[in-house]
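# Structure assessment
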Amino acid sequence: MSVNKVILVGNVGKDPEVRHLDSGVAVANFPLATSESYTAKSGERVTTTEWHNIVLWRGLAEVAEKYVTKGKQLYIEGRIRTRSYDDKDGNKRYITEIFADNMQMLGRKDDANGFAPEQSQSQTQSSTISSSQTETTSAPEPEDDLPF
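Rules of the game
- Sequence order as written defines residue numbering, which begins from 1 separately in each chain.
- Whole-chain, interface and lining totals are the exception, using all residues; otherwise, since this is a predicted model, local features are given only for residues with pLDDT of at least 70 and side-chain atom pairs are given and counted only at 80 or more.
- Side-chain metrics in this entry use all non-hydrogen atoms of the structure; hydrogen atoms and water are not considered.
- What pLDDT conveys is the predictor's confidence in a given residue, as a value from 0 to 100.
- Any two residues whose heavy atoms approach within 4.5 Å are treated as being in contact.
- Starting at the N terminus, helices and strands are each numbered in turn, a helix being any DSSP run of H or I of at least four residues and a strand any DSSP run of E of at least two.
- Burial classification: accessible surface area is computed with a 1.4 Å probe over protein chains only, and a residue below 20% of its type maximum counts as buried, one above 50% as exposed, and the rest as partly exposed.
- Identification of polar contacts relies on pairs of N or O atoms within 3.5 Å, with a donor-acceptor requirement for protein atoms, meaning one able to donate a hydrogen and the other able to accept it, and with residues adjacent in sequence counted only if both atoms are side-chain atoms.
- In this analysis, strands are considered paired if DSSP registers two or more bridges between them.
- By definition here, a salt bridge exists when the distance from a side-chain nitrogen of Lys or Arg to a carboxyl oxygen of Asp or Glu is within 4 Å.

## Thoughts on the confidence of the model for the protein chain
A residue-level look at the protein chain finds 72% of positions with pLDDT of 70 or above and a mean pLDDT of 81. A low-confidence stretch, residues 112-127 stays under pLDDT 50, and its non-local contacts, those more than four residues away or across chains, total 26 contacts. Low confidence marks residues 132-148, where pLDDT is under 50. Its contacts with residues over four positions away, or in another chain, come to 20 contacts.

## Points about unusual backbone geometry
Unusually for a residue other than glycine, arginine 58 sits at a positive phi of about 50°. Along the chain, the position of arginine 58 falls in helix 1 (residues 58-67). The buried category is assigned to arginine 58, whose relative accessible area is 12%.

## Digging into the environment of threonine 82
By the element assignment, threonine 82 lies in strand 5 (residues 73-86). Relative accessible area serves as the criterion here: at 52%, threonine 82 is assigned to the exposed category. Along the backbone, threonine 82 and isoleucine 98 are 16 residues apart, and their C-alpha atoms lie at a distance of 8.7 Å. Look past the residues within four positions of threonine 82 in its chain and what remains in contact with it is Ile95 and Thr96. Here threonine 96 takes part through its side chain, which lies 3.2 Å from a polar atom of the side chain of threonine 82.

## Observations concerning the pairing of strand 1 (residues 6-12)
Every regular strand shows the same layout, with side chains that alternate between the two sheet faces. Sheet topology note: the strand 1/strand 5 ladder contains six bridges and is antiparallel. Its bridge partner being in strand 5, asparagine 11 is matched across the sheet by glutamine 73. As paired elements, strand 1 and strand 3 (residues 26-39) share two bridges and run antiparallel to each other. Opposite asparagine 11, over in strand 3, you have alanine 33 as the bridge partner.

## Considering the side chain of histidine 52
As for its position among the elements, histidine 52 is in strand 4 (residues 45-57). In terms of polar contacts, histidine 52 uses its side chain to reach the side chain of threonine 34, at 2.8 Å. Ignoring any residue separated from it by four or fewer positions in sequence, one finds histidine 52 in contact with Leu8, Phe30, Pro31, Leu32, Thr34 and Ile98.

## Considerations on the pattern of salt bridges
This model, assessed by the stated rule, comprises five salt bridges. Measuring nitrogen to oxygen at the nearest pair gives 3.0 Å for the salt bridge that ties arginine 83 to glutamate 97. You can see arginine 83 sitting in strand 5 and its partner glutamate 97 sitting in strand 6 (residues 92-105), a full 14 residues away along the chain. Among the ionic pairs, arginine 93 bridges to aspartate 87, the shortest N-O distance being 3.0 Å. Residue class for arginine 93 comes out partly exposed when judged on its relative accessible area of 40%.

Right under this line is the structure:
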C-alpha cells in the first residue's frame, strides 16, 4: 500500500490560467506559495517560501476561474505528480505539480469576491469544494511507466 497525499495552505501567486480542452473539460493552473519562518542562530528572523504548481480539473477549475485571484489564501488537498517534457531546445525538463482533489477558500468572506460559503440557512456550511462534487471524481490518469 502507498499514499500520495498533499495538504497545503498558502497564497495564490497569480490569477489562475484556465483553458478548456476540446472535450469541454476545464483545467486551471496557478502557483501557490507556502512560507515558513524561523529564528536563525544569529537571532535573525528568516522566512523561506516554496512555490507549488497547482492543477485543478473540471468543476474545481470552473470555481477557480470565478473566485480565485492572486493573493487569496487557499487550502489545497491533492496528489503530487511529476511529469517530463521537452523544451523548445529539445532538453528534457521535469515539473512537479499538485493535482488538487479538494480546495477551500480561506480568509474573510468579503475577500472572496462575493463567494460566501460560511453562511447557510440554519447551519454553518464548509467552503470546501472537492472533485467528487464535480462531474467526475478525478483528472485523467496518465500512464505510469514506473517499475513499482
